[in-house]
Amino acid sequence: MNIVVTGGAGFIGSNFVYYLLAHHPEDRVICLDKLTYAASMEALDDAMRDERFRFVRGDIADTDAVERLFAEEKPDIVVNFAAETHVDRSIDDPGVFVRTNIMGTQTLLDACRKHGVRRFHQVSTDEVYGDLPLDRPDLFFTEETPLHTSSPYSASKAGADLLALAYARTFGLPVSITRCSNNYGPYQFPEKLIPLMISRALADESMPVYGKGENVRDWLYVEDHCAAVDAVMRMGRPGEVYNVGGHNERTNLSVVRTILQELRKPESLIAFVTDRPGHDRRYAIDPAKISAELGWLPATPFEEGIRRTIRWYVDNRGWWSRILSGDYRAYYEKMYAHR
Ligand code: NAD
Ligand code: TYD
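Owing to the predicted nature of the structure, the values given are computational and were not obtained by experimental measurement.

**What about the overall build of the protein chain?**
For step 1, the next point in the chain: Within the protein chain, the secondary structure is distributed over 13 helices and 13 strands.
For step 2, the next point in the chain: For 339 residues, the compact-globule estimate of 2.2 N^0.38 gives 20 Å, and the C-alpha radius of gyration of the protein chain, at 19 Å, lies within 12% of that figure.
For step 3, the next point in the chain: Its C-alpha atoms give the protein chain principal-axis dimensions of roughly 55 × 45 × 35 Å.
For step 4, the next point in the chain: Scored against the burial criterion, the 339 residues of the protein chain give a buried share of 57%.
For step 5, the next point in the chain: A sequence separation of at least 24 residues applies to 83% of the contacts in the protein chain between residues at least 6 apart.

Right under this line is the structure:
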């Protein structure tokens, strides 16, 4: 099969490219990526040496570029990871989130219709459900939980999900959606909680925890997410949504403390800073549907995944140091200076 992976130079997309190349020797993988600040061609170094892999630089919201690629490659499956993904950036500047996440998805959906693509898979997020209260540990997001978004990021992802479902119902396009919880692992851009905290602890710099650090996220090791997307895009029922994650809930403060302990750094590095506006309190996934239908459950306990991730960031200091010394430095100063 020919599989187009959009956003394949990003964190999860690049891990997914390697997942496909390793698990499906019969498939060709074509990555379409605009190479925004969040992309890393370095992450694709090994893939570029594989003859089953092709990289194309392009914007998913550019109709001509998408048309050209689809005409050339005649994809069987299109899996859409491409997105603007950072909540804090979406609060600072929502426009690009609407353009890429909503209009880009629509451009891909139209191309899939025109070219008779056998499956369009949308990689979405549990953030489309909004949040859960901290004092109700018995509540979880299911696929029936109403969409109730908090940030421009989650609103744009919900818009994309609704468009994908509309194309399934109105045009009969074979669409599937996964809504995943927070990922962590190699090649995550160091603006997100876990790599940000690891890189700052390693540099003995203050670690900015929003509010009191009580917010809860349901952490999933990136390889487990890749396995879920692969299963759903091949075997999931068209027109269906599958939640991905489960059973790895941690408060932000406990994640930060775990990182400090693993790196043998002092708690005095923790700095409580002004909270994020509209900060979602708790995300927690009920993975019953994907588990019952496709036999998927998270395989990596948090303790093991976080150790592996910390080791990777220690061993690959060059990768994130180069990012931190470039444009990202100006971003950090702008976003954190007055917190
Ligand atoms: P990321 O920010 O690390 O990477 C995004 C990639 O998309 C980058 O390579 C970027 O260059 C590319 N891109 C951005 N705009 C583009 C455009 N207009 N055209 C083509 N390429 C473009 O993101 P990530 O963390 O790997 O997330 C991937 C997907 O998974 C996103 O759709 C995100 O919403 C979803 N998701 C992420 C998480 C998480 O914890 N990271 C959790 C659930 C769902
Ligand atoms: P993040 O990695 O941005 O993912 P998301 O907001 O999509 O869940 O943030 C994870 C949690 O960590 C979230 O509750 C916000 C918090 N956080 C901090 O406390 N400090 C930080 O500097 C960042 C980036 C996040």
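**Topic: the side chain of Thr178**
For step 1, the next point in the chain: Relative to the assigned elements, Thr178 resides in strand 6 (residues 175–180).
For step 2, the next point in the chain: Here His121 takes part through its side chain, which lies 2.8 Å from a polar atom of the side chain of Thr178.

**What about the site of ligand 2?**
For step 1, the next point in the chain: What surrounds ligand 2 is a group of 19 residues, the closest being Glu127, Arg217, Arg276, His279 and Tyr336.
For step 2, the next point in the chain: Tyr210 places a main-chain nitrogen or oxygen 2.9 Å from an oxygen atom of ligand 2.
For step 3, the next point in the chain: At 2.7 Å from an oxygen atom of ligand 2 is found a side-chain nitrogen or oxygen belonging to His279.
For step 4, the next point in the chain: Taken by itself ligand 2 offers 510 Å² of open surface, and the protein chains cover 97% of this.
For step 5, the next point in the chain: Mapped onto the shell around ligand 2, the elements with two or more residues apiece are helix 7 (193–202) and strand 8 (207–210).
For step 6, the next point in the chain: Across the shell around ligand 2, the residue classes tally to nine nonpolar, five polar and five charged.

**Some details on the site of ligand 1**
For step 1, the next point in the chain: Near ligand 1 there are 28 residues, and of these Ile12, Asp33, Thr85, Tyr153 and Lys157 occur at the shortest range.
For step 2, the next point in the chain: A distance of 2.9 Å separates an oxygen atom of ligand 1 from a polar atom in the backbone of Thr36.
For step 3, the next point in the chain: The contact in question runs from an oxygen atom of ligand 1 to an N or O atom on the side chain of Lys157, over 2.7 Å.
For step 4, the next point in the chain: Protein chains bury 97% of the 830 Å² of accessible surface belonging to ligand 1 in isolation.
For step 5, the next point in the chain: For the shell around ligand 1, the elements supplying multiple residues, two or more each, are helix 1 (11–23), strand 5 (119–125) and helix 6 (152–171).
For step 6, the next point in the chain: In terms of residue count, the dominant contributor to the shell around ligand 1 is strand 5 (three residues).
For step 7, the next point in the chain: Tallied by class, residues from the shell around ligand 1 come to 13 nonpolar, 11 polar and four charged.

**Details of the sheet that holds strand 2 (residues 28–33)**
For step 1, the next point in the chain: Read from one edge of the open sheet, seven strands run 3-2-1-4-5-6-11, paired in parallel fashion. With partners counted over all chains shown, the strands left at the sheet margins are strand 3 (53–57) and strand 11 (240–244), one partner each. Ignoring strand direction, the axes of neighbouring strands in this sheet form an average angle of 20°.
For step 2, the next point in the chain: Bridging between strand 5 and strand 6 involves six bridges; their strand directions are parallel. The residue of strand 6 that forms the bridge with Val123 is Thr178.
For step 3, the next point in the chain: Relative to strand 1 (residues 2–6), helix 1 is tilted by about 165°, and along the sheet it contacts strand 1, strand 2, strand 3 and strand 4 (77–80).
For step 4, the next point in the chain: Against the sheet, helix 6 touches strand 5, strand 6 and strand 11, its axis set at about 155° to strand 5.

**Examining the pairing of strand 4**
For step 1, the next point in the chain: Residues Ile77 and Val79 line one face of strand 4 and the alternating positions Val78 and Asn80 line the opposite face, and both faces are buried.
For step 2, the next point in the chain: Here four bridges tie strand 1 to strand 4, and the two strands are oriented parallel to one another. From the neighbouring strand, Val4 faces strand 4, where its bridge partner is Val78.
For step 3, the next point in the chain: As paired strands, strand 4 and strand 5 are joined by four bridges and run parallel to one another. Following the sheet pairing, Ile77 is matched in strand 5 by Arg119.

**Focus: helix 7**
For step 1, the next point in the chain: For helix 7, a buried count of nine out of 10 residues is recorded, marking the element as mostly surrounded by other parts of the structure.
For step 2, the next point in the chain: Every buried residue belonging to helix 7 is among Ile194, Pro195, Leu196, Met197, Ile198, Ser199, Arg200, Ala201 and Leu202, and all of these are buried.
For step 3, the next point in the chain: Just past helix 7, the residue Asp204 takes up positive phi, approximately 55°.

**Regarding the packing of helix 5 (residues 95–114) against helix 6**
For step 1, the next point in the chain: At their nearest, the axes of helix 5 and helix 6 sit 8 Å apart, and the two run at 15° to each other. Classified by the interaxial angle, the pair formed by helix 5 and helix 6 is roughly parallel. In this structure, the crossing between helix 5 and helix 6 has a hand that is right-handed. Contacts between helix 5 and helix 6 involve Phe97, Val98, Asn101, Ile102, Thr105, Gln106, Leu109, Asp110 and Arg113 from the former and Tyr153, Ser156, Lys157, Gly159, Ala160, Leu163, Ala164, Tyr167 and Phe171 from the latter.
For step 2, the next point in the chain: Here the contact of helix 5 with helix 6 is built from residues that sort into 10 nonpolar, five polar and three charged.

**Considerations on the nonpolar core**
For step 1, the next point in the chain: Formed by 35 residues in total, the largest nonpolar core has its most connected members in Ile194, Ile198 and Ile259.
For step 2, the next point in the chain: Contributing elements (two or more residues each) for this core: helix 7, strand 8, helix 9 (252–262), strand 13 (270–273), helix 11 (302–315), helix 12 (317–325) and helix 13 (328–336).
For step 3, the next point in the chain: For this core, the element with the most residues is helix 7, which contributes six residues.
For step 4, the next point in the chain: Setting aside residues up to four positions removed in sequence, Ile194 forms contacts with Tyr184, Trp219, Val255, Ile259, Phe302, Ile306 and Thr309.

Conventions used here
Residues numbered from 1 in each chain as written. Chains lettered and ligands numbered in written order. Predicted model: local features only at pLDDT ≥ 70, side-chain atom pairs only at ≥ 80, totals over all residues. Heavy atoms only, no water. Helix = DSSP H or I, 4+ residues; strand = E, 2+ residues; numbered from the N terminus. Rg over C-alpha atoms; globule rule 2.2 N^0.38 Å. Buried < 20%, exposed > 50% of the residue type's maximum accessible area, 1.4 Å probe, protein only. Contact = heavy atoms within 4.5 Å. Polar contact = N/O pair within 3.5 Å; in protein donor to acceptor, adjacent residues only side chain to side chain. Near = heavy atom within 4 Å. Areas by Shrake-Rupley, 256 points an atom, 1.4 Å probe, with all protein chains shown as cover. Nonpolar A, V, L, I, M, F, W, Y, C, P; charged D, E, K, R; others polar. Pairing = 2+ DSSP bridges. Axes fitted to C-alpha atoms, helices over the stretch in contact; angles between N-to-C directions. Parallel < 35°, antiparallel > 145°, perpendicular 65-115°, else oblique. Left-handed = near helix turned anticlockwise from the far one by under 90°. Core = buried A, V, L, I, M, F, W, Y, C linked by side-chain atoms within 4.5 Å.

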